[in-house]
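What follows is the residue order along each chain.
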Amino acid sequence: MKTKHRNVSEDIAKAVFIICGIMAILAVCSITVYMIAKGAPALGEVGVFKLLFGTEWKPTAEDPSFGILYIILSSIVGTSLSVLIGVPVGLLTAVFLTEISNKKLAAIVGPAVELLAAIPSVIYGLLGLMLLNPAMYKLERIIFAGSKTHQFTGGSNLLSAIIVLAIMILPTVINVSASSIRAVGQDLRAASLALGASKIQTIFKVTIPAAKSGILTGVVLGIGRALGEAMAINMVAGGAVNIPLPFNSVRFLTTQLVSEMGYAEGTHRQVLFTVGLVLYIFIMAINLILMKVRRSSDDSLENERRKDAAKAARKNKEQGNAAAFKAEQSKATATLMEGGQ
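Remember, predicted model here, so these are calculated numbers, not experimental data.

Peer 1: Honestly, the overall build of the protein chain in this entry has me stumped. Any pointers?
Peer 2: A count of helices and strands for the protein chain gives 12 helices and 2 strands. Taken over 341 residues, the protein chain has a buried fraction of 33%. Taking the contacts inside the protein chain whose residues are at least 6 apart along the sequence as the reference set, 71% of them involve residues at least 24 apart. Carbon and sulfur atoms make up 66% of the accessible area of the protein chain, which amounts to about 20500 Å² in all.

Right under this line is the structure:
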């Protein structure tokens, strides 16, 4: 009776899991189909080249232009540089929390990092607007003093957006990387230290490579956070469609949607859906690339472990053969000595 009841419970749980998995797949497929259906028509109406490679954005002009090249480049440059800044800082902070700091200090820094993740993005944007932008404006005035061609932005520029994004992705990278590093077995660290490696060498040559898969997951989540952020960037980046230079006011793909979707209509609205489609394609492509990198790194690590296991097996076999040969040799010598006696 108990066995029958247990089988029914397992069947129900299995059915629930299958339904949840199907719902997740349907959600992704539905979003993909909807974005293609809404974003593709503008490509035919405006033209792929004019839309994706045009540099002028004048949707309400008498002769409207819908070029989003500078918007795409601003998103790519801003996200890439923020990741290049945020990921190393986040990874080193995770190493500090898990491998170097004492328990008392980790108990203070750890909750502070988690608190960063709980702060709404609009607060980051507000702090950037009130603190970072004035500082950037002072730096801008020093660098471009006497310039007659530079258009001053008041500190609302690409550089401010990069700094804010780098800070915003820190909690994600730190928490995921720290969890991955903690999951590395202590036997690997002990073996490295026993072979004469220092603690720092063990961290960077053993622990971090062993946690590579989880760290890449944190990087993927950080890139997704940076690419999908709108409110904070809208407050600190300026909102103008320009070539993405450090002290230029710029507009990202996300801020483009936030800024104009409320009043857009007709072709203008369709083009904004195309902007959303481009953003969606970017996020999916980055996720797929990093997933492939993570799988290849896992496969290479597994192959190395198999090679090490094979070498150890061969060595044990050779040692066993040598021991057997010595035993046979000793036995033959003893037989000869007995015959001589």
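Peer 1: When you look at helix H5 (residues 121-143) in this model, what are you seeing that I'm missing?
Peer 2: An α-helical turn contains 3.6 residues, so any two residues separated by three or four positions project in the same direction. In the structure, H5 departs most strongly from a straight axis at Leu129, where the bend amounts to approximately 40 degrees. Listed in full, the buried residues belonging to H5 are Tyr124, Gly125, Gly128, Leu132, Asn133, Met136 and Glu140. Where H5 is buried, its residues contact helix H4 (103-118), helix H6 (158-182) and helix H10 (231-236).

Peer 1: Looking at this model, I keep getting lost on the packing of aromatic side chains. Mind explaining?
Peer 2: A ring pair, where both rings are aromatic, is described by two values, the distance of the centres and the angle of the planes. Taken as a whole, this structure holds 4 aromatic pairs when the rule is applied. Look at Tyr34 and Phe273: their rings are 6.4 Å apart centre to centre, the planes differ by 80 degrees, and that puts the pair in the edge-to-face class. Taken together, the residues Tyr34 in helix H1 (residues 2-46) and Phe273 in helix H12 (residues 267-340) connect sequence positions 239 residues apart. Using a relative accessible area of 17% as the deciding quantity, one classes Phe273 as buried. Ring centres of Phe144 and Phe247 lie 5.6 Å apart, and the angle between their planes is 75 degrees; this geometry places the pair in the edge-to-face category. You can see Phe144 sitting in the loop between H5 and H6 and its partner Phe247 sitting in the loop between H10 and helix H11 (253-260), a full 103 residues away along the chain. For Phe144, a relative accessible area of 23% gives the class partly exposed. Looking at Phe247, the relative accessible area reads 10%, which means it is buried. Across from the ring centre of Phe273, 5.6 Å away, lies the NZ or CZ of Lys38, which sits over that ring.

Peer 1: Explanation requested: H6 in the structure shown.
Peer 2: The terminal C-alpha atoms of H6, which comprises 25 residues, lie 36 Å apart, in line with the 36 Å expected from a rise of 1.5 Å per residue. The sharpest bend along H6 comes to roughly 35 degrees, located at Ile169, with the proline Pro171 sitting one to four residues further on. Counting buried positions along H6 yields 18 of 25 residues, so the element is predominantly enclosed. Where H6 begins, the capping side chain belongs to Asn157, and its oxygen is found 3.3 Å from the backbone nitrogen of Leu159.

Peer 1: I keep staring at the side chain of Thr274 and nothing clicks. Help me out?
Peer 2: Note on placement: Thr274 falls in helix H12. Apart from residues no more than four positions distant in its own chain, Thr274 is found in contact with Gly39, Ala42, Leu43 and Leu51.

Peer 1: So what exactly am I meant to see when it comes to the packing of helix H7 (residues 186-194) against helix H8 (residues 199-210) here?
Peer 2: Any two packed helices are characterised by how steeply their axes cross, that is the angle between the axes, and by the distance between the axes. Closest axis-to-axis distance for the H7/H8 pair is 10 Å, and the angle between their directions is 145 degrees. As for the relative orientation of H7 and H8, their crossing is right-handed in sense. In this structure, H7 uses Leu188, Arg189, Ser192 and Leu193 to contact H8, whose residues at the interface are Lys199, Thr202, Val206, Thr207 and Ala210.

Peer 1: How should the pattern of salt bridges be read in this particular structure?
Peer 2: Between side chains of opposite charge, pairing is possible as soon as their charged atoms come close. Counted by the stated rule, this structure contains 3 salt bridges. Among the ionic pairs, Arg189 bridges to Glu99, the shortest N-O distance being 2.7 Å. Taken together, the positions of Arg189 in helix H7 and Glu99 in helix H3 (residues 69-100) put the pair 90 residues apart, joining distant regions of the chain. Using a relative accessible area of 8% as the deciding quantity, one classes Arg189 as buried.

Peer 1: I keep staring at the nonpolar core and nothing clicks. Help me out?
Peer 2: Looking at soluble globular proteins, one finds that nonpolar side chains tend to be buried together. One finds Ile68, Val164, Phe252, Leu253 and Val271 to be the most contacted residues of the largest nonpolar core, which totals 40 residues. Mapped onto this core, the elements with two or more residues apiece are H1, H3, H5, H6, helix H9 (212-228), H10 and H12. Sorting elements by how many residues they give to this core places H6 first, with 8 residues. Residues in contact with Phe252, not counting those within four places in the same chain, are Ile71, Ser74, Ser75, Gly78, Leu158, Ala161, Leu165 and Ile233. Core analysis: the next-biggest nonpolar cluster, separate from the first, contains 10 residues, Val184, Ile203, Ile208 and Ile215 among them.

Peer 1: I would appreciate a short explanation of a nonpolar patch on the surface in the present structure.
Peer 2: On the surface, Val122, Ile123, Leu126, Leu127, Leu129, Met130, Leu131 and Met231 cluster together into a nonpolar patch covering about 710 Å² of accessible area. Per-element accounting of the nonpolar patch gives the leading share, 7 residues, to H5. By the element assignment, Met130 lies in helix H5. The class of Met130 is exposed, set by a relative accessible area of 55%.

Peer 1: Before we go on, may I ask you to explain the side chain of His150 in this structure?
Peer 2: Along the chain, the position of His150 falls in the loop between H5 and H6. With relative accessibility at 15%, the residue His150 sits in the buried group. A polar side-chain atom of His150 sits 2.6 Å from a polar atom in the side chain of Glu140. Apart from residues no more than four positions distant in its own chain, His150 is found in contact with Glu140, Phe144 and Phe247.

Reading the values: the criteria
- Residues numbered from 1 in each chain as written.
- Predicted model: local features only at pLDDT ≥ 70, side-chain atom pairs only at ≥ 80, totals over all residues.
- Heavy atoms only, no water.
- Helix = DSSP H or I, 4+ residues; strand = E, 2+ residues; numbered from the N terminus.
- Buried < 20%, exposed > 50% of the residue type's maximum accessible area, 1.4 Å probe, protein only.
- Contact = heavy atoms within 4.5 Å.
- Areas by Shrake-Rupley, 256 points an atom, 1.4 Å probe, with all protein chains shown as cover.
- Bend = angle between axes of the 7 residues up to and from the residue.
- Phe/Tyr/Trp six-rings, centres within 6.5 Å; stacked < 30°, edge-to-face > 60°.
- Lys NZ or Arg CZ within 6 Å of the ring centre and 35° of its normal.
- Expected span 1.5 Å × (residues − 1).
- Polar contact = N/O pair within 3.5 Å; in protein donor to acceptor, adjacent residues only side chain to side chain.
- Axes fitted to C-alpha atoms, helices over the stretch in contact; angles between N-to-C directions.
- Left-handed = near helix turned anticlockwise from the far one by under 90°.
- Salt bridge = Lys/Arg side-chain N within 4 Å of Asp/Glu carboxyl O.
- Core = buried A, V, L, I, M, F, W, Y, C linked by side-chain atoms within 4.5 Å.
- Patch = residues over 30% accessible without salt bridge, like charges linked within 9 Å, V, L, I, M, F, W, Y side chains within 5 Å.

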